[in-house]
Amino acid sequence: MENNLPVNIREYQELAKKALPKMHYDYINGGAEDEHTLRDNIAAYGRILLRPRVLVDVSNIDMSINLLGYDMPSPIIVAPTGSHKLANPEGEVATARAAAACNTLMVLSFSASCKIEEVASSCNAIRFYQLYVFKNRDISATLVQRAESHGFKAIVLTVDTPMLGRREADIRNKMVAPANANLEGLMPIDDLDTTDGSKLEKYARDTLDPSLSWKDVEWLKSITSLPILLKGIVTAEDARKAVEAGAAGIIVSNHGARQLDYAPATISALEEVVKAGAVRAGGEGPGGGEARDRDAQQGAGAGHGALRLPERRRDHPGPRADRGRPVQVAALMSDARGIRSTLHTVKDTLHVPTPASIIRDAGSKLAKDL
Ligand SMILES: Cc1cc2nc3c(=O)[nH]c(=O)nc-3n(C[C@H](O)[C@H](O)[C@H](O)COP(=O)(O)O)c2cc1C
C-alpha cells in the first residue's frame, strides 16, 4: 500500500486539486493580492544553486538538530496552518500523529479545527502552540494557558497578521471561516455572517487586535512561562528587536505570501536576519513556498536551524510554479499516511547527497559556500 503513495509533493498537490472543493483548495494555495511574493517564494529558491563537493564520506549522514532543547532527527518541522479538517476529517490529530511517527515537532495553529486537548492526548509529538492575539485578550490568554497546561512546549506568536492579508481568491469565493474548535465556549464560533466577500477576512477584522506591538511581547511573557518564538520576521531590524524583547527564537516567514504582497521571498530574507546575529540555536528557518522537496536542502544551506515543511505550487505562471501546502494536501489521505510520507519525502530529499558535516554546520559553513 505504501508503494502506491505519491512519490513527491507535487503529486499530492495534483490529487488535492482534484479532491478538494475549489474554495478550500484556493484557501490553502492562495496568496495575497497579485501573488507576486507567492511566486517569488518559489523563484527565489531557483536562484540558489548547490555546489556539490565530491569524494566526501557520506556513509553516516546525521541531520539531527536540537531545537529549544528538543532533539529531532532532521531539521524539518510542521508549520502552523489552520483548519486541517478541510483536508482530513481527523484534522490536526492526524497531523500530530504523523509528526510523532516522524519524531518531529508540530506547531498547532491558533485556527485549528481540533481542540488543544484532543491534539495533546492523541500522541506524544513535541508540540508548540501558535497564537494570534485577539482584541479580547482574555481569549488569547485562556488559550495560552490551555496549551501550557496540556504540555505544549513553546508559544509561537505570529507577528505578521495584525489583520488578514487581502487574499483575492478567498474574497471571490466568499470563503467561509471554518469553525475554530478552540474558541468553543469562549465566543460564538458559527455566527460569522457577512453579506459579501471573504467571511474569513470579516472574521479576522472583527477579532484580531491590530494594535499589537512590541510591548505586547512583555504581556505575553507575563502570562506564560513557556519560551516565546516570534513568527513572521523578515528584516534585520525586527530580528534585533525580537532578541531585545526576549524572544527565544525567530521564525523567518512571510506567512506563505498570504499577508503582505511584494514582501521579500522568505528564503531571500533569511540571510539578512541571520546576519543580524539573531538566528542561533532555537531560531527557525523558512519553509517559504518552496518549489520542490529539495528546497529543504537549499534552505538548510542558507543558514538556518530548522525548516518548516515547504510549500510548493505548480499551476502558477512563472518559473517552476508549483502550488500547494504539503501537509494539508497530504492530509487528504484517509489517515496520517500521507502526511507521514510527505515528511519522509522531504527528509529523504535532504538526505541523499548531503554529507553529515554540511548539514550539521548548515547555519554557518555552507552559508558561506552559497
Ligand atoms: C492554508 C494555510 C494556513 C495557514 N495558517 C496559518 C496560521 O493559522 N497561523 C500561522 O501563523 N501561519 C499560518 N500559515 C503560514 C504557515 O505557517 C507558513 O508560514 C507558510 O505556509 C510557509 O511560508 P513561510 O516560509 O513564509 O513561513 C498558513 C499557511 C497556509 C498555506
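Here is a short report on the structure shown in this document. Source: prediction; values computed, not measured.

**Here we look at the nonpolar core**
Here comes step 1: Counting residues in hydrophobic clusters, the biggest one holds 73 residues, and the most contacted among them are Tyr-129, Leu-131 and Leu-220.
Here comes step 2: Contact partners of Tyr-129, with chain neighbours within four places excluded, come to Leu-108, Ser-109, Phe-110, Ile-116, Leu-143, Ala-147, Phe-152, Ala-154, Ile-155 and Val-156.
Here comes step 3: Membership of the second largest hydrophobic core comes to 12 residues, among which are Ile-65, Met-72, Ile-77 and Val-156.

**Notes on the environment of Gln-13**
Here comes step 1: By the secondary structure assignment, Gln-13 is in helix 1 (residues 9–19).
Here comes step 2: Judged by its relative accessible area of 3%, Gln-13 falls in the buried class.
Here comes step 3: When the C-alpha positions of Gln-13 and Tyr-25 are compared, they lie 9.6 Å apart, and in sequence the two are 12 residues distant.

**Considerations on the environment of Ser-109**
Here comes step 1: For Ser-109, the location among the structural elements is in the loop between strand 4 (105–108) and helix 5 (116–122).
Here comes step 2: Each C-alpha atom of the pair Ser-109 and Asn-180 lies 9.8 Å from the other, and the pair is 71 residues apart in sequence.
Here comes step 3: When near neighbours in sequence (up to four residues on either side) are disregarded, Ser-109 contacts Pro-80, Thr-81, Gly-82, Tyr-129 and Gln-130.
Here comes step 4: Within the structure, Ser-109 has its side chain in polar contact with the backbone nitrogen of Ser-111 (distance 2.8 Å).
Here comes step 5: Of the polar contacts made by the side chain of Ser-109, one reaches the side chain of Gln-130; its length is 3.5 Å.

**Overview of the packing of aromatic side chains**
Here comes step 1: Counted by the stated rule, this structure contains three aromatic pairs.
Here comes step 2: Their ring planes at 70° and their centres at 5.7 Å tell us that Phe-110 and Tyr-132 sit as a pair that is edge-to-face. Of this pair, Phe-110 sits in the loop between strand 4 and helix 5 while Tyr-132 sits in the loop between strand 5 (126–131) and helix 6 (137–149), and the two are 22 residues apart along the sequence.
Here comes step 3: Note on Tyr-129 and Phe-152: the rings are 6.0 Å apart at their centroids and 85° apart in plane angle, and the pair reads as edge-to-face. Here Phe-152 lies in the loop between helix 6 and strand 6 (155–158) and Tyr-129 lies in strand 5, a separation of 23 residues in the sequence.
Here comes step 4: Relative accessible area serves as the criterion here: at 2%, Phe-152 is assigned to the buried category.
Here comes step 5: Taken together through their ring pairs, the aromatic side chains of Phe-110, Tyr-132 and Phe-134 make up a single cluster.
Here comes step 6: When the ring centre of Phe-152 is taken as origin, the NZ or CZ atom of Arg-127, which lies over that ring, is 4.7 Å away.
Here comes step 7: Directly above the ring of Tyr-27 sits Arg-258, whose terminal nitrogen or CZ lies 4.9 Å from the centroid.

Conventions we followed
- Residues numbered from 1 in each chain as written.
- Predicted model: local features only at pLDDT ≥ 70, side-chain atom pairs only at ≥ 80, totals over all residues.
- Heavy atoms only, no water.
- Core = buried A, V, L, I, M, F, W, Y, C linked by side-chain atoms within 4.5 Å.
- Buried < 20%, exposed > 50% of the residue type's maximum accessible area, 1.4 Å probe, protein only.
- Contact = heavy atoms within 4.5 Å.
- Helix = DSSP H or I, 4+ residues; strand = E, 2+ residues; numbered from the N terminus.
- Polar contact = N/O pair within 3.5 Å; in protein donor to acceptor, adjacent residues only side chain to side chain.
- Phe/Tyr/Trp six-rings, centres within 6.5 Å; stacked < 30°, edge-to-face > 60°.
- Lys NZ or Arg CZ within 6 Å of the ring centre and 35° of its normal.

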